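Chains, contacts and geometry: an overview
Okay, here's what each chain looks like letter by letter:
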Amino acid sequence: MIAAQLLAYYFTELKDDQVKKIDKYLYSMRFSDETLLDIMQRFRRELATGLGRDTNPTATLKMLPTFVCSIPDGSEKGDFIALDLGGSNFRILRVKVSHEKKQTVQMESQIYETPEDIMNGSGTRLFDHVAECLGDFMEKQNIKDKKLPVGFTFSFPCQQTKLDEGYLLTWTKRFKASGVEGMDVVKLLNKAIKKRGDYEADIMAVVNDTVGTMMTCGFDDQRCEVGIIIGTGTNACYMEELRHIDLVEGDEGRMCVNTEWGAFGDNGRLEDIRTEFDREIDRGSLNPGKQLFEKMVSGMYMGELVRLILVKMAKEGLLFEGRITPELLTKGKLETKHVSAIEKSKEGLTKTREILTRLGVEPSTDDCVAVQHVCAIVSFRSANLIAATLGAILMRLKDNKGAARLRTTVGIDGSLYKMHPQYARRLHKTVRRLVPDSDVRFLLSESGSGKGAAMVTAVAYRLADQSRQITQTLSEFRLSTEQLLEVKKRMRTEIQNGLSKNTQDTATVKMLPTFVRSTPDGTENGDFLALDLGGTNFRVLLVKIRSGKRRTVEMHNKIYAIPMEVMQGTGEELFDHIVQCISDFLDYMGMKNGRLPLGFTFSFPCRQTRLDAGILVTWTKGFKATDCEGEDVVGLLRDAIKRREEFELDVVAIVNDTVGTMMTCAYEEPTCEIGLIAGTGSNACYMEEMRNIEMIEGDEGRMCVNMEWGAFGDSGCLDDIRTEYDRSVDDFSLNPGKQRYEKMCSGMYLGEIVRNILIDLTKRGFLFRGQISETLKTRGIFETKYLSQIESDRLALLQVRSILQHLGLDSTCDDSIIVKEVCGAVSRRAAQLCGAGMAAVVDKIRENRGLDHLDITVGVDGTLYKLHPHFSRIMQQTVNELAPQCNVNFLLSEDGSGKGAALITAVGCRLRLEQNNK
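Residues numbered from 1 in each chain as written. Predicted model: local features only at pLDDT ≥ 70, side-chain atom pairs only at ≥ 80, totals over all residues. Heavy atoms only, no water.

Things to note about the overall build of the chain
Operational definition: The way it works is that DSSP assigns letters per residue, a run of H or I at least four long becomes a helix, a run of E at least two long becomes a strand, and they are numbered from the N terminus. Radius of gyration: over C-alpha atoms. The globule rule applied is 2.2 Å multiplied by the number of residues raised to the 0.38 power. For each residue, the accessible area found with a 1.4 Å probe, counting protein chains only, is set against the maximum for its type, and the residue is called buried under 20%, exposed over 50%, and partly exposed in between. For this analysis, residues touch if any pair of their heavy atoms sits within 4.5 Å. A 1.4 Å probe and the Shrake-Rupley method give the accessible areas. Residues count as covered only by the protein chains that appear here. Here Asp and Glu are counted as negative and Lys and Arg as positive; His is not counted, and neither are the chain ends. By convention, charge coordinates are those of NZ in Lys, CZ in Arg, CG in Asp, or CD in Glu.
In terms of regular secondary structure, the chain is built from 30 helices and 26 strands. Over its C-alpha atoms the chain spans a radius of gyration of 39 Å, topping by over 25% the 29 Å that the globule rule assigns to 918 residues. The principal-axis extents of the C-alpha atoms in the chain amount to approximately 130 × 70 × 55 Å. The buried share of the chain, reckoned over its 918 residues, is 58%. A sequence separation of at least 24 residues applies to 70% of the contacts in the chain between residues at least 6 apart. Looking at the chain as shown, the accessible area adds up to about 39,000 Å², and 49% of this sits on carbon and sulfur atoms. Here the chain contributes 120 positively and 130 negatively charged side chains, and the mean placements of these two sets differ by 4 Å.

Quick notes on the packing of aromatic side chains
Counted only if it meets this: Classification of ring pairs rests on two measures: the distance between centres of Phe, Tyr or Trp rings, Trp counted by its six-membered ring, which must be within 6.5 Å, and the angle between planes, read as stacked under 30 degrees, edge-to-face over 60 and tilted in between.
Evaluation of the coordinates by the stated rule reveals 18 aromatic pairs. Measuring from centroid to centroid gives 4.9 Å for Phe154 and Phe156, while their planes differ by 55°, and the two rings are tilted. Across this residue pair, the class does not change: Phe154 and Phe156 are buried. Between the aromatic rings of Phe604 and Phe623, the centroid separation amounts to 5.1 Å while the plane-to-plane angle is 65°, which identifies the pairing as edge-to-face. Here Phe623 lies in the loop between strand S20 (613-616) and helix H19 (633-644) and Phe604 lies in the loop between strand S18 (596-602) and strand S19 (606-610), a separation of 19 residues in the sequence. Grouping residues by exposure puts Phe604 and Phe623 together as buried.

Focus on the pairing of strand S9 (residues 224-230)
Applied cut-off: By the convention used here, strands pair only if DSSP detects at least 2 bridges between them.
Where burial is concerned, most of S9 is hidden: seven out of the seven residues are buried. Of the pairings in the sheet, the one linking S9 to strand S12 (residues 406-413) comprises five bridges and is parallel in character. Looking at the pairing, Val226 lines up with Val410 of S12. Bridge count for S9 against strand S10 (residues 234-241) is five bridges, and the pairing is antiparallel. Counterpart to Val226 in the pairing with S10 is Tyr238.

Some thoughts on unusual backbone geometry
Notably, Phe515 is not glycine yet its phi reads approximately 65°, a positive angle. One can find Phe515 in the loop between strand S14 (512-513) and strand S15 (526-533). Although it is not a glycine, Gln739 sits at a positive phi angle of roughly 55°. With respect to the helices, strands and loops of the structure, Gln739 is situated in the loop between helix H21 (724-731) and helix H22 (740-745).

Comments concerning the sheet that holds strand S23 (residues 682-689)
Strand pairing within a sheet occurs via backbone hydrogen bonds; the two strands may be parallel or antiparallel. The cut-off we apply is this: Note on method: axes are straight lines fitted to C-alpha atoms, helices fitted across the in-contact stretch only, with angles between N-to-C directions ranging 0 to 180 degrees.
Pairing is mixed across the open sheet formed by six strands, whose spatial order is S14-S24-S23-S22-S25-S26. Here the strands that pair on one side only, and so sit at the sheet edges, are S14 and strand S26 (886-892). Judged from the five bridges that link them, strand S22 (residues 672-678) and S23 form a sheet pairing that is antiparallel. Counterpart to Leu676 in the pairing with S23 is Ala684. Seen against the sheet, helix H27 (residues 813-848) touches S22, S23, strand S25 (854-861) and S26 and runs at an angle of roughly 5° to S23.

Describing the confidence of the model for the chain
The predicted coordinates of low-pLDDT regions are not to be read in fine detail. As a reminder, the rule being used: Each residue carries a pLDDT score, the predictor's confidence in it, ranging from 0 to 100.
For the chain, per-residue confidence averages 87 on the pLDDT scale, and residues scoring 70 or more make up 95% of the total. Within the model, the stretch residues 1-14 combines pLDDT values under 50 with five contacts to residues more than four positions away or in other chains.

Brief notes about the nonpolar core
For clarity, the threshold we go by: Among the buried residues, those of types Ala, Val, Leu, Ile, Met, Phe, Trp, Tyr and Cys that are joined through side-chain atoms within 4.5 Å form a nonpolar core.
Counting residues in hydrophobic clusters, the biggest one holds 113 residues, and the most contacted among them are Met707, Trp709, Phe782 and Met838. Of the residues forming this core, the biggest block, 17 residues, is contributed by H27. Apart from the residues within four sequence positions on either side, Trp709 is in contact with Met491, Val509, Leu676, Ser682, Asn683, Ala684, Tyr741, Cys834, Gly837, Met838 and Val841. Counting residues in each nonpolar core, the second largest holds 112 residues, with Leu51, Leu93, Met395 and Ile412 among its members.

Some thoughts on the side chain of Lys592
Put simply, the rule reads: Think of a polar contact as two N or O atoms within 3.5 Å of one another; within protein, one of them needs to be a possible hydrogen donor and the other a possible acceptor, and neighboring residues in sequence only count if both atoms come from side chains.
Position of Lys592 relative to the elements: it lies in the loop between helix H18 (571-589) and S18. A distance of 2.5 Å separates polar atoms of two side chains, one belonging to Lys592 and the other to Glu646. Discounting chain neighbours no more than four positions away, the residues touching Lys592 are Ser583, Leu586, Asp587, Glu646 and Phe647.

Remarks on the sheet that holds strand S13 (residues 438-444)
A sheet is described by the order of its strands in space; here six strands give the open sequence S1-S11-S10-S9-S12-S13, paired in mixed fashion. Two strands close off the open sheet at either side, each with one partner strand: strand S1 (64-65) and S13.

Some thoughts on helix H9 (residues 299-315)
Let me state the cut-off plainly: A helix's residues, less one, multiplied by 1.5 Å, set its expected span.
The terminal C-alpha atoms of H9, which comprises 17 residues, lie 25 Å apart, in line with the 24 Å expected from a rise of 1.5 Å per residue. Here H9 lies mainly inside the structure; 14 of its 17 residues are buried.

As for the packing of helix H12 (residues 365-401) against helix H14 (residues 423-434)
The description of two helices packed together rests on the angle between their axes and the distance between the axes. Cut-off, in case you're wondering: These descriptions rest on fixed angle ranges, namely under 35 degrees for roughly parallel, over 145 for roughly antiparallel, 65 to 115 for roughly perpendicular, and the rest for oblique. Left-handed is the label given to a crossing in which the near helix is rotated counterclockwise from the far helix by less than a right angle, and right-handed is the label when the rotation is clockwise. Residue type decides the class: Asp, Glu, Lys and Arg count as charged, Ala, Val, Leu, Ile, Met, Phe, Trp, Tyr, Cys and Pro as nonpolar, and the leftover types, Gly among them, as polar.
One can describe the packing of H12 onto H14 by two numbers: an axis separation of 8 Å at closest approach and a directional angle of 40°. With respect to their mutual orientation, H12 and H14 come out oblique. Here H12 runs over H14; the crossing is right-handed. On the side of H12, the interface is formed by Ala376, Ser379, Phe380, Ser382, Ala383, Asn384, Ile386, Ala387, Ala388, Leu390 and Leu394, while H14 contributes Tyr423, Arg426, Leu427, Thr430, Val431 and Leu434. Taken together, the residues that form the contact of H12 with H14 break down as twelve nonpolar, four polar and one charged.

Topic: the pairing of strand S24 (residues 702-706)
With four of five residues buried, S24 lies mostly within the body of the structure. Examined bridge by bridge, S14 and S24 share two bridges and lie antiparallel to one another. Paired with Leu512 across the bridge in S24 is Asn706. As paired elements, S23 and S24 share five bridges and run antiparallel to each other. Counted as the bridge partner of Tyr686 is Val705 from S24.

Observations concerning the pattern of salt bridges
The cut-off we apply is this: A side-chain nitrogen of Lys or Arg and a carboxyl oxygen of Asp or Glu constitute a salt bridge if their distance falls within 4 Å.
For the coordinates displayed, the defined rule picks out 69 salt bridges. Residue Asp272 is joined to Arg42 by a salt bridge in which the shortest nitrogen-to-oxygen separation is 2.8 Å. Here Arg42 lies in helix H2 (residues 33-51) and Asp272 lies in the loop between strand S11 (254-258) and helix H7 (276-283), a separation of 230 residues in the sequence. What makes Arg42 buried here is its relative accessible area of 10%. Residue Glu774 is joined to Lys777 by a salt bridge in which the shortest nitrogen-to-oxygen separation is 3.1 Å. Placement of both Glu774 and Lys777 in helix H24 (residues 774-777) is noted, with a separation of three residues, approximately one turn of the helix. Residue Lys777 is classed as partly exposed on the basis of its relative accessible area of 46%. Salt bridges linked by common partners bring Glu271, Arg274, Arg279, Asp282 and Lys295 together as one network.

Regarding the state of the cysteines
Convention followed: Pairs of cysteine sulfur atoms within 2.5 Å are what we label disulfides.
This model, assessed by the stated rule, comprises zero disulfides. Unpaired in terms of disulfides, Cys158 finds its nearest cysteine sulfur in Cys256, a separation of 14 Å. Classification of Cys158 as buried rests on a relative accessible area of 10%. No disulfide involves Cys237; its nearest neighbouring cysteine sulfur is the one of Cys256, lying 3.7 Å away. Residue Cys237 is classed as buried on the basis of its relative accessible area of 0%.

Focus on the environment of Gly701
Mapped onto the elements of the fold, Gly701 is located in the loop between S23 and S24. By relative accessible area, which is 44% here, Gly701 ends up partly exposed. C-alpha of Gly701 to C-alpha of Arg691: the two residues are ten residues apart in sequence and 8.1 Å apart in space. Ignoring anything within four residues of it in the chain, the contact list for Gly701 reads Glu688, Glu689 and Met690.

Below, the structure written as structure tokens:
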């Protein structure tokens, strides 16, 4: 017993001594974390160089776009064929993806040999051979009569400009078929299939084996966004943001990039860590100076590296008592599979002795321990270097996502990773140390590249089908010029109905006279009060207008809240509250003594009989004060002022906010004769000829007409362009069947239309993995401000995702693209409908005046027009297209409702004075 312990002690001492010696000898192959982090940074820089348009041509990492833009989402189904050509064996698979209770994959495959003379013959012969094998496989599967989608794993460097084409850059792996380099391999294969004429195949995708690995693993784990091969060769791919890939148009979404990382260091970036053994391997290789990183880490070279080290150590008398055998000097005698066997923990020493004996050396136990440690250092270096480059990719993904912590999955394949007893554990451990703020799952690829090609094809098939159906859904929102001209024509008819005495009662577009007979002419002067009531807040303003050479408008205002109990109490309480606020404001301004003229912006539907008289038709926006509907609101205000007996005011005008907008802009720009609100609601007004306003006596001059155009379509005249989503929004609104035009083009409803479309697309399995969240079921949750944010050109999809997450919607990158597309379709239609309405108005004014060409300005206000990134541009474009004989300018209003009311009051005072002086 004691003897055994002594032996064990002696052996441990011996082992420690040998290990220290080897460590010292191979010091340059052992890296500190500091060195690995430095390599990681170098690789990150190389990634960026490969992605840049200007720097890519000279970059060592080619960062080839693969046009694979989506990983499996679990809803793929169908029958697919995969071809896998990457070595002397050529594999064909039939992959059936079905959905009974859960997604299942059935695979049948066959291996065909690719003889040496075909690998090195003509390209035509090679692809004829592939087409023949495919025909044989389809016959055996009894599917020659079907045209199945095909995925083609072609494991050679290819330049792609779309998913179903790949131009071979250069042959590798002993292939030398002539006439293929620089050609599209999909075209060559299609040509060979066509020549046979006995079956058809639809080649949808050509992929690299690394991408195949990522896609195979992506089928099992949707977080998988990196693929790595660590086998005979090595490579990696990952999902990069499209906006960073300069070589490809567009910046929406992500695309898998094939890094071709084996060439890392070909520009000298790794010279400081390459050893004399690496240089010797490179000198003796088929491609000196190329694939330097691959030569330091991959299985093809690992055994050879170990052999060179053993030769040098033997020559220096550090191993085998200085004995060198012919076998030990023979290139390729020590393979990577031997390195794996030597490093096995239990039988490793026995295996080492066997392998070394076959090399003709008679190893001592000392030698065996030393060789085992040499192997460990070489394979550990490989794992460390791969960990550094993978770490760089993971850090890039983390930064791209703007995440504090990265959670992702890496799909891995390759004989070295699979067969080496310690490799995987070492790699995982180093990655976790180098990228601590990440949770990385390593997933071993099963039947890697072949199944992966089928998965790429399945995803492409799903996306094509999905895209077709989404396009079909959204096509209802894409209005043709003919449809828009028809909307314009119908608006003209409705305008006429609203102006004519006989049809006004039944007209939907009410064309209410405002008694505003003139826009400002610049001579307005004085101090005016303005009230602005249109929501839960109420504003009182003092507006000082000065005429002359330097016209100025100076404003002071104060905002007062209107409590809910006042909004929904009695009319007397509401107007007493308003007068109390005016009293407070006049005290604040020290102006209680004079009798100021006042303009009242009252943003509720009113039927005016004079400039200073407006009968409330109906309360909206949550107001329910009793004894007001059917009453003159100016009368109610005057009564309340009298009751207070504190001050006097001259109420000159009651104004709608649309008219206020027109007047504000007309003060700056005399050609402004139209007002437009494109915000929460939608409305327009314009200067109509008195002779056309049949509801009012007199034919001279003009008067501003408040169109109340939101109700356009309430007669059913827009039913042919309303969608099921519009009908749903209308049905669940507070006023079903009313304001139909407004519900298609105003801010209050656009978000709700989008929400209804998103629910439908989710039910159909195109969004959010088919899961309808509670949030999405909540009416009104998708506010129009989110449309503006989502459609902003400056907003990356990452930010779109964060907006959706804020709404409780766990979205993928693909989801974000679809949501953005939906928002765009809905807001575009809104802008076009608004433009068609405006085109009807400007053409009416042009015809009123008997002009061939009209120059006119529209004063605009409203959050949708101001804040949405594309609404104003699309609306203006539509007006220009539909009313080509009009040159229409749009002027943004500054404080329409307040300043506008004061200006109308000023104009009213001016006209009253002129009347009195006649």
